[in-house]
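Here is how the chains run, residue by residue.
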Amino acid sequence: MRVMGVDPGLTRCGVGVVEGAPGKRLHLVHVSVVRTGADEEHALRLVGIEAGIEALMEEFRPDAVAVERVFSQHNVRTVMGTAQAAGIAMLAAARRGLPVALHTPSEAKAAVTGNGRADKAQVTRMVTRLLSLETAPSPADAADALALAICHVWRGGAQQRLAHARRSRIEEAARAERARLAARGRGGEVQ
């Protein structure tokens, strides 16, 4: 499975592509940061992020996209920009029909370090080790994007199976309800 991880941000949007499977060796496919200038108009920054993510999706053709789930911080402006960048990554994936997963920072940290409260240096060291890299990915946004991709490779399969089971139960309940309503419409007794 080839997964693109996206650590959203308006100034630096980390993008990492990893290939692997649970229990198998992981391989780095690509890592970079899509950058926009803080002095640029906000809408143009979003266009720049979209163009960068779209180009990387086109070039590396991931099977799935893992985006960091935006959580509340004290600085509302930062949260809004991060959420908008995350939305662009999800939109780009949806245009291609790719599954999108949202992982919290603590999920990604726990996946790569075993500790959901690990600091950025620990995450970077483990990403470097797990991908057998000679040098650590830099800046931290790049390492975080790779951590998200690794998290999804390792946990995404289980999450997809659970989601499929949930959809199956919902679809079965919907079929039963349609049958009940159809029987009612034909004058049948409904209990």
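My aim in this report is to walk through the structure given alongside it, one point at a time. Because the structure is predicted, anything quoted here is derived from the model rather than measured.

1. Digging into the side chain of Arg45
With respect to the helices and strands, Arg45 occurs in helix H1 (residues 42–60). Summary of buried charges: Arg45 has no salt-bridge partner, and the nearest side chain of opposite charge, Glu40, is 5.6 Å away. Looking at Arg45, its side chain comes within polar contact range of the main-chain oxygen of Gly37, at 3.1 Å. In contact with Arg45, not counting residues within four places along its chain, are Leu10, Thr11, Thr36, Gly37, Ala38 and Glu40.

2. Section: the nonpolar core
One finds Met4, Val6, Ile49, Ile53, Met57 and Val65 to be the most contacted residues of the largest nonpolar core, which totals 22 residues. When near neighbours in sequence (up to four residues on either side) are disregarded, Met4 contacts Val15, Gly16, Val17, Leu56, Met57, Pro62, Ala64, Val65, Ala66 and Ala149. The next biggest cluster of nonpolar side chains, apart from the first, holds 19 residues, and it includes Ala66, Val123, Leu146 and Cys151.

3. Points about the environment of Glu54
In this fold, Glu54 is placed in helix H1. Along the chain, Glu54 and Arg95 lie 41 residues apart, while their C-alpha atoms are 9.8 Å from each other. Leave out the neighbours within four places in its chain, and Glu54 touches Ala92, Arg95 and Arg96. Polar side-chain contacts of Glu54 include one of 2.8 Å to the side chain of Arg95.

The rules behind the values
Residues numbered from 1 in each chain as written. Predicted model: local features only at pLDDT ≥ 70, side-chain atom pairs only at ≥ 80, totals over all residues. Heavy atoms only, no water. Helix = DSSP H or I, 4+ residues; strand = E, 2+ residues; numbered from the N terminus. Buried < 20%, exposed > 50% of the residue type's maximum accessible area, 1.4 Å probe, protein only. Lys, Arg positive; Asp, Glu negative; His and termini not counted. Salt bridge = Lys/Arg side-chain N within 4 Å of Asp/Glu carboxyl O. Polar contact = N/O pair within 3.5 Å; in protein donor to acceptor, adjacent residues only side chain to side chain. Contact = heavy atoms within 4.5 Å. Core = buried A, V, L, I, M, F, W, Y, C linked by side-chain atoms within 4.5 Å.

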